[in-house]
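Observations on the model geometry
Given next are the chains, with one letter for each unit.
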Amino acid sequence: MSMKQQILTSLSPEYPWKDRFQYIASLDSTNDRLKLLARQGAPQGTVLIADRQTGGHGRRGRSFLSPAGVGIYFSLLLRPRCAPKELMHLTCATAVAMCDALEASAGFRPGIKWTNDLVSGGRKLCGILTELGLTPGGGLDYAIIGIGVNCRQRPEDFPPEIRDMAGSLAMAAGRDIDRAKVAAAMMESLHAMSEILLSEKGELLARYRRDCVTIGREISLVRGDEVRHGRALDVDEEGGLVVAFPDGSLESVTSGEVSVRGMYGYV
(Lines give C-alpha, C1' and ligand atoms only; values in the text may rest on other atoms or scores of the structure.)
Protein backbone atom coordinates (compact mmCIF):
# COMPACT_ATOMS: atom_id res chain seq x y z
CA MET A 1 0.00 0.00 0.00
CA SER A 2 1.36 3.42 -0.91
CA MET A 3 2.07 5.99 1.81
CA LYS A 4 -0.79 8.14 0.54
CA GLN A 5 -3.19 5.21 0.77
CA GLN A 6 -1.94 4.37 4.27
CA ILE A 7 -2.66 7.94 5.37
CA LEU A 8 -6.11 7.96 3.77
CA THR A 9 -6.94 4.63 5.41
CA SER A 10 -5.88 6.03 8.81
CA LEU A 11 -8.19 9.07 8.53
CA SER A 12 -11.59 8.99 10.18
CA PRO A 13 -14.59 8.73 7.82
CA GLU A 14 -15.68 12.20 8.95
CA TYR A 15 -12.52 13.98 7.79
CA PRO A 16 -13.88 16.38 5.11
CA TRP A 17 -10.78 17.24 3.06
CA LYS A 18 -9.68 13.83 1.76
CA ASP A 19 -10.09 14.97 -1.85
CA ARG A 20 -7.65 17.87 -1.25
CA PHE A 21 -4.68 15.80 -0.10
CA GLN A 22 -1.55 15.31 -2.20
CA TYR A 23 1.42 13.08 -1.32
CA ILE A 24 4.62 13.74 -3.26
CA ALA A 25 7.84 11.73 -3.05
CA SER A 26 10.18 14.74 -3.26
CA LEU A 27 9.68 18.51 -3.23
CA ASP A 28 11.86 21.53 -2.68
CA SER A 29 9.47 22.88 -0.03
CA THR A 30 5.85 21.98 0.71
CA ASN A 31 5.18 25.56 1.87
CA ASP A 32 6.59 27.06 -1.33
CA ARG A 33 4.64 24.66 -3.54
CA LEU A 34 1.42 25.28 -1.61
CA LYS A 35 1.85 29.06 -1.90
CA LEU A 36 1.93 28.61 -5.67
CA LEU A 37 -1.21 26.47 -5.56
CA ALA A 38 -2.91 29.00 -3.27
CA ARG A 39 -2.27 31.80 -5.76
CA GLN A 40 -3.80 29.55 -8.41
CA GLY A 41 -7.00 29.21 -6.37
CA ALA A 42 -6.52 25.98 -4.40
CA PRO A 43 -9.32 25.55 -1.83
CA GLN A 44 -9.21 25.64 1.94
CA GLY A 45 -8.06 22.32 3.34
CA THR A 46 -5.52 21.54 0.62
CA VAL A 47 -2.74 19.46 2.19
CA LEU A 48 0.67 18.65 0.73
CA ILE A 49 2.91 16.03 2.33
CA ALA A 50 6.34 15.19 0.97
CA ASP A 51 8.45 12.16 1.82
CA ARG A 52 11.53 14.33 1.29
CA GLN A 53 12.29 18.04 0.90
CA THR A 54 15.35 19.37 -0.87
CA GLY A 55 14.85 22.97 0.27
CA GLY A 56 12.91 22.78 3.52
CA HIS A 57 13.06 25.96 5.59
CA GLY A 58 11.96 27.28 8.94
CA ARG A 59 11.73 30.65 10.62
CA ARG A 60 14.14 33.45 9.71
CA GLY A 61 15.38 31.60 6.63
CA ARG A 62 16.88 28.66 8.50
CA SER A 63 17.04 25.32 6.70
CA PHE A 64 15.04 22.32 7.93
CA LEU A 65 16.67 18.94 7.39
CA SER A 66 14.15 16.79 5.50
CA PRO A 67 15.50 13.32 4.57
CA ALA A 68 13.30 10.62 3.05
CA GLY A 69 11.61 7.87 5.01
CA VAL A 70 11.94 9.27 8.52
CA GLY A 71 9.86 12.45 8.80
CA ILE A 72 6.63 14.18 7.85
CA TYR A 73 6.95 17.39 5.82
CA PHE A 74 3.49 18.89 5.73
CA SER A 75 1.69 22.04 4.62
CA LEU A 76 -1.98 22.99 5.00
CA LEU A 77 -3.80 25.82 3.21
CA LEU A 78 -6.46 27.79 5.08
CA ARG A 79 -8.55 30.71 3.89
CA PRO A 80 -9.89 32.33 7.09
CA ARG A 81 -12.37 35.15 6.65
CA CYS A 82 -10.69 37.76 8.78
CA ALA A 83 -8.09 40.51 8.77
CA PRO A 84 -4.43 39.45 8.92
CA LYS A 85 -4.06 40.96 12.42
CA GLU A 86 -6.69 38.51 13.70
CA LEU A 87 -4.31 35.60 13.03
CA MET A 88 -1.46 36.62 15.30
CA HIS A 89 -2.19 33.49 17.35
CA LEU A 90 -2.10 31.06 14.39
CA THR A 91 1.30 29.56 15.27
CA CYS A 92 0.21 29.09 18.89
CA ALA A 93 -3.04 27.41 17.82
CA THR A 94 -1.12 25.16 15.44
CA ALA A 95 1.31 24.12 18.19
CA VAL A 96 -1.59 23.09 20.45
CA ALA A 97 -3.19 21.11 17.62
CA MET A 98 0.13 19.35 17.01
CA CYS A 99 0.45 18.44 20.69
CA ASP A 100 -3.01 16.87 20.42
CA ALA A 101 -2.04 15.00 17.24
CA LEU A 102 1.19 13.60 18.66
CA GLU A 103 -0.46 12.61 21.92
CA ALA A 104 -3.08 10.66 19.93
CA SER A 105 -0.68 9.02 17.48
CA ALA A 106 2.67 8.69 19.28
CA GLY A 107 1.43 8.14 22.82
CA PHE A 108 2.95 11.14 24.60
CA ARG A 109 2.33 14.88 24.76
CA PRO A 110 5.33 17.07 23.91
CA GLY A 111 5.94 20.53 25.30
CA ILE A 112 6.05 23.75 23.29
CA LYS A 113 9.17 25.88 23.25
CA TRP A 114 7.92 29.37 22.41
CA THR A 115 6.93 30.02 19.84
CA ASN A 116 6.95 27.28 17.24
CA ASP A 117 8.92 24.20 18.31
CA LEU A 118 7.65 21.01 19.94
CA VAL A 119 10.14 19.47 22.34
CA SER A 120 10.61 16.46 24.59
CA GLY A 121 13.51 15.74 26.90
CA GLY A 122 15.20 18.97 25.84
CA ARG A 123 15.22 17.97 22.16
CA LYS A 124 13.37 19.51 19.23
CA LEU A 125 10.94 17.11 17.57
CA CYS A 126 8.94 19.42 15.32
CA GLY A 127 9.07 22.89 13.81
CA ILE A 128 6.19 25.07 12.63
CA LEU A 129 6.27 27.84 10.03
CA THR A 130 3.08 29.82 9.35
CA GLU A 131 2.92 32.23 6.42
CA LEU A 132 0.19 34.62 5.26
CA GLY A 133 -0.64 35.63 1.70
CA LEU A 134 -2.18 39.08 1.24
CA THR A 135 -4.40 40.59 -1.41
CA PRO A 136 -3.18 43.69 -3.32
CA GLY A 137 -5.27 45.77 -0.94
CA GLY A 138 -3.64 44.30 2.15
CA GLY A 139 -6.42 41.89 3.10
CA LEU A 140 -5.93 38.22 3.88
CA ASP A 141 -5.89 35.90 0.89
CA TYR A 142 -4.67 32.70 2.56
CA ALA A 143 -2.70 31.23 5.44
CA ILE A 144 -0.27 28.34 5.10
CA ILE A 145 0.74 26.15 8.01
CA GLY A 146 4.02 24.33 7.43
CA ILE A 147 5.13 21.57 9.81
CA GLY A 148 8.19 19.34 9.85
CA VAL A 149 8.14 16.37 12.24
CA ASN A 150 11.08 14.11 13.02
CA CYS A 151 9.46 10.69 13.34
CA ARG A 152 11.85 7.78 13.05
CA GLN A 153 15.37 9.21 13.35
CA ARG A 154 17.97 7.75 15.69
CA PRO A 155 20.57 10.03 17.29
CA GLU A 156 23.22 9.07 14.73
CA ASP A 157 20.92 10.15 11.89
CA PHE A 158 21.33 13.83 12.82
CA PRO A 159 24.39 15.86 11.79
CA PRO A 160 26.93 16.26 14.61
CA GLU A 161 26.22 19.98 14.98
CA ILE A 162 22.58 19.39 16.01
CA ARG A 163 22.83 15.89 17.50
CA ASP A 164 22.62 17.16 21.08
CA MET A 165 19.45 19.18 20.50
CA ALA A 166 17.48 17.29 17.81
CA GLY A 167 15.19 14.38 18.59
CA SER A 168 12.45 12.28 17.04
CA LEU A 169 9.13 10.81 18.07
CA ALA A 170 10.74 7.36 18.11
CA MET A 171 13.50 8.55 20.43
CA ALA A 172 10.98 10.21 22.78
CA ALA A 173 8.49 7.32 22.75
CA GLY A 174 11.07 4.56 22.85
CA ARG A 175 9.43 2.65 20.01
CA ASP A 176 8.93 2.69 16.26
CA ILE A 177 6.49 5.26 14.89
CA ASP A 178 3.84 4.77 12.20
CA ARG A 179 4.27 7.88 10.06
CA ALA A 180 0.92 7.38 8.30
CA LYS A 181 -0.96 7.43 11.61
CA VAL A 182 0.92 10.54 12.71
CA ALA A 183 0.13 12.30 9.42
CA ALA A 184 -3.56 11.38 9.65
CA ALA A 185 -3.73 12.60 13.25
CA MET A 186 -2.14 15.89 12.16
CA MET A 187 -4.71 16.36 9.40
CA GLU A 188 -7.62 15.67 11.74
CA SER A 189 -6.30 17.81 14.60
CA LEU A 190 -5.55 20.77 12.34
CA HIS A 191 -9.00 20.55 10.78
CA ALA A 192 -10.53 20.65 14.26
CA MET A 193 -8.33 23.63 15.13
CA SER A 194 -9.41 25.48 11.97
CA GLU A 195 -13.04 25.19 13.07
CA ILE A 196 -12.39 27.13 16.30
CA LEU A 197 -9.43 29.28 15.24
CA LEU A 198 -11.35 32.56 15.37
CA SER A 199 -14.23 31.69 17.71
CA GLU A 200 -12.22 30.16 20.57
CA LYS A 201 -8.98 32.13 20.51
CA GLY A 202 -8.92 32.50 24.30
CA GLU A 203 -9.24 28.77 24.90
CA LEU A 204 -6.53 27.96 22.35
CA LEU A 205 -4.13 30.40 24.01
CA ALA A 206 -4.97 29.02 27.46
CA ARG A 207 -4.09 25.54 26.23
CA TYR A 208 -0.90 26.88 24.65
CA ARG A 209 0.19 28.35 27.99
CA ARG A 210 -0.36 24.98 29.69
CA ASP A 211 1.88 23.23 27.14
CA CYS A 212 4.54 25.95 26.89
CA VAL A 213 7.80 24.96 28.61
CA THR A 214 9.27 28.46 28.17
CA ILE A 215 6.96 30.17 30.68
CA GLY A 216 8.67 30.52 34.05
CA ARG A 217 12.15 29.95 32.60
CA GLU A 218 15.22 32.13 32.57
CA ILE A 219 15.82 32.95 28.92
CA SER A 220 18.06 34.84 26.53
CA LEU A 221 16.66 37.14 23.87
CA VAL A 222 18.85 37.75 20.84
CA ARG A 223 18.56 40.69 18.46
CA GLY A 224 21.51 40.73 16.10
CA ASP A 225 24.59 41.06 18.28
CA GLU A 226 22.58 42.13 21.32
CA VAL A 227 21.80 39.51 23.97
CA ARG A 228 19.48 40.30 26.87
CA HIS A 229 18.60 37.98 29.73
CA GLY A 230 15.25 37.86 31.45
CA ARG A 231 12.48 35.63 32.73
CA ALA A 232 9.51 34.52 30.64
CA LEU A 233 6.30 35.25 32.53
CA ASP A 234 3.44 34.60 30.15
CA VAL A 235 2.15 34.51 26.59
CA ASP A 236 -0.15 37.41 25.74
CA GLU A 237 -3.34 37.47 23.66
CA GLU A 238 -1.39 37.97 20.43
CA GLY A 239 1.00 35.09 21.10
CA GLY A 240 3.84 37.36 22.24
CA LEU A 241 6.16 36.22 25.03
CA VAL A 242 5.97 38.50 28.08
CA VAL A 243 9.47 38.85 29.50
CA ALA A 244 10.61 40.48 32.74
CA PHE A 245 14.10 41.99 32.70
CA PRO A 246 16.40 42.58 35.70
CA ASP A 247 15.76 46.36 35.57
CA GLY A 248 12.08 45.71 36.29
CA SER A 249 10.83 46.37 32.77
CA LEU A 250 8.37 44.13 30.95
CA GLU A 251 8.34 43.52 27.22
CA SER A 252 6.11 41.49 24.91
CA VAL A 253 8.40 39.82 22.40
CA THR A 254 7.00 38.74 19.05
CA SER A 255 8.26 35.87 16.96
CA GLY A 256 9.21 38.17 14.12
CA GLU A 257 11.64 40.21 16.22
CA VAL A 258 13.80 37.81 18.19
CA SER A 259 15.10 34.35 18.73
CA VAL A 260 14.56 32.85 22.14
CA ARG A 261 17.17 30.62 23.70
CA GLY A 262 16.18 28.67 26.74
CA MET A 263 18.90 28.42 29.39
CA TYR A 264 17.84 24.88 30.30
CA GLY A 265 19.67 22.59 27.94
CA TYR A 266 17.69 23.31 24.80
CA VAL A 267 18.64 25.97 22.26
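One can find the structure itself at the top, above this paragraph.
Along each chain, numbering runs from 1 in the same order as the chain's sequence is written. Totals for whole chains, interfaces and linings use every residue, but because this is a predicted model, local features are given only for residues with pLDDT of at least 70 and side-chain atom pairs only at 80 or more, for both listing and counting. Excluding hydrogens and water, the side-chain figures rest on all heavy atoms present in the structure.

Remarks on the nonpolar core
Here, nonpolar core means buried Ala, Val, Leu, Ile, Met, Phe, Trp, Tyr and Cys residues that are tied together by side-chain atoms lying within 4.5 Å of each other. Relative accessibility under 20% of the residue-type maximum defines a buried residue, over 50% an exposed one, and the middle range a partly exposed one, all with a 1.4 Å probe and only protein chains included. Of all hydrophobic cores here, the largest spans 63 residues; its most connected members are Phe74, Ile147 and Leu169. We call two residues in contact when some of their heavy atoms are within 4.5 Å. Beyond its immediate chain neighbours, meaning those up to four positions away, Leu169 contacts Leu102, Ala106, Phe108, Leu125, Val149, Asn150, Cys151, Ile177 and Val182. Judged by nonpolar contacts, the second largest core, of eleven residues, contains Ile24, Leu27, Ala38 and Ala50.

Section: the packing of aromatic side chains
For this analysis, a ring pair means two rings from Phe, Tyr or Trp (six-membered ring only for Trp) whose centres lie within 6.5 Å, classed as stacked if their planes differ by under 30 degrees, edge-to-face if by over 60, and tilted for the remaining angles. Throughout the structure, instances matching the rule amount to one aromatic pair. Note on Tyr15 and Trp17: the rings are 6.2 Å apart at their centroids and 80 degrees apart in plane angle, and the pair reads as edge-to-face. We classify Trp17 as buried; its relative accessible area is 7%. Put simply, a charge is over a ring when the Lys NZ or the Arg CZ is close to the ring centre, within 6 Å, and near the line of the ring normal, within 35 degrees. Positioned above the aromatic ring of Phe21, the side-chain terminus of Lys4 is 5.7 Å from the ring centre. The aromatic ring of Phe245 is capped on one face by Arg228, whose charged end is 3.8 Å from the ring centroid.

What to know about the packing of helix H3 (residues 90–106) against helix H6 (residues 201–211)
Geometry is summarised by axes, namely lines fitted to C-alpha atoms with helices restricted to the contacting stretch, and by angles between N-to-C directions that run from 0 to 180 degrees. Think of it this way: any DSSP run of H or I at least four residues long counts as a helix, any run of E at least two long counts as a strand, and we number them from the N terminus. Between H3 and H6, the least distance of the axes is 9 Å, while the angle of their chain directions is 65 degrees. With respect to the hand of their crossing, H3 and H6 are arranged in left-handed fashion. Residue-level inspection shows Cys92, Ala93, Ala95, Val96, Cys99 and Asp100 of H3 in contact with H6, the latter providing Leu204, Leu205, Arg207, Tyr208 and Asp211. Here the residues of the contact of H3 with H6 sort into eight nonpolar, no polar and three charged. By definition, any crossing whose near helix is turned counterclockwise from its far helix by less than a right angle is left-handed, and any crossing with a clockwise turn is right-handed. Polar here means any residue outside two lists: the nonpolar Ala, Val, Leu, Ile, Met, Phe, Trp, Tyr, Cys and Pro, and the charged Asp, Glu, Lys and Arg; Gly therefore counts as polar.

Concerning the pattern of salt bridges
Should a side-chain nitrogen of Lys or Arg be within 4 Å of a carboxyl oxygen of Asp or Glu, the pair is scored as a salt bridge. If you walk through the whole model with that rule in mind, you get 19 salt bridges. A salt bridge links Glu203 to Arg210; its shortest N-O distance comes to 3.7 Å. Residue class for Glu203 comes out partly exposed when judged on its relative accessible area of 40%. The exposed category is assigned to Arg210, whose relative accessible area is 59%. The closest approach of N and O atoms between Arg209 and Glu237, which form a salt bridge, is 2.9 Å.

What about H6?
Of the residues making up H6, those classed as buried are Leu204, Leu205, Tyr208 and Asp211. The buried residues of H6 all sit within an arc of 120 degrees when viewed along its axis, so they share a single face. Where H6 is buried, its residues contact H3, strand S4 (111–113), helix H5 (179–196) and strand S9 (226–235). Relevant arc is that of directions from the helix axis to the C-beta atoms, nothing else.

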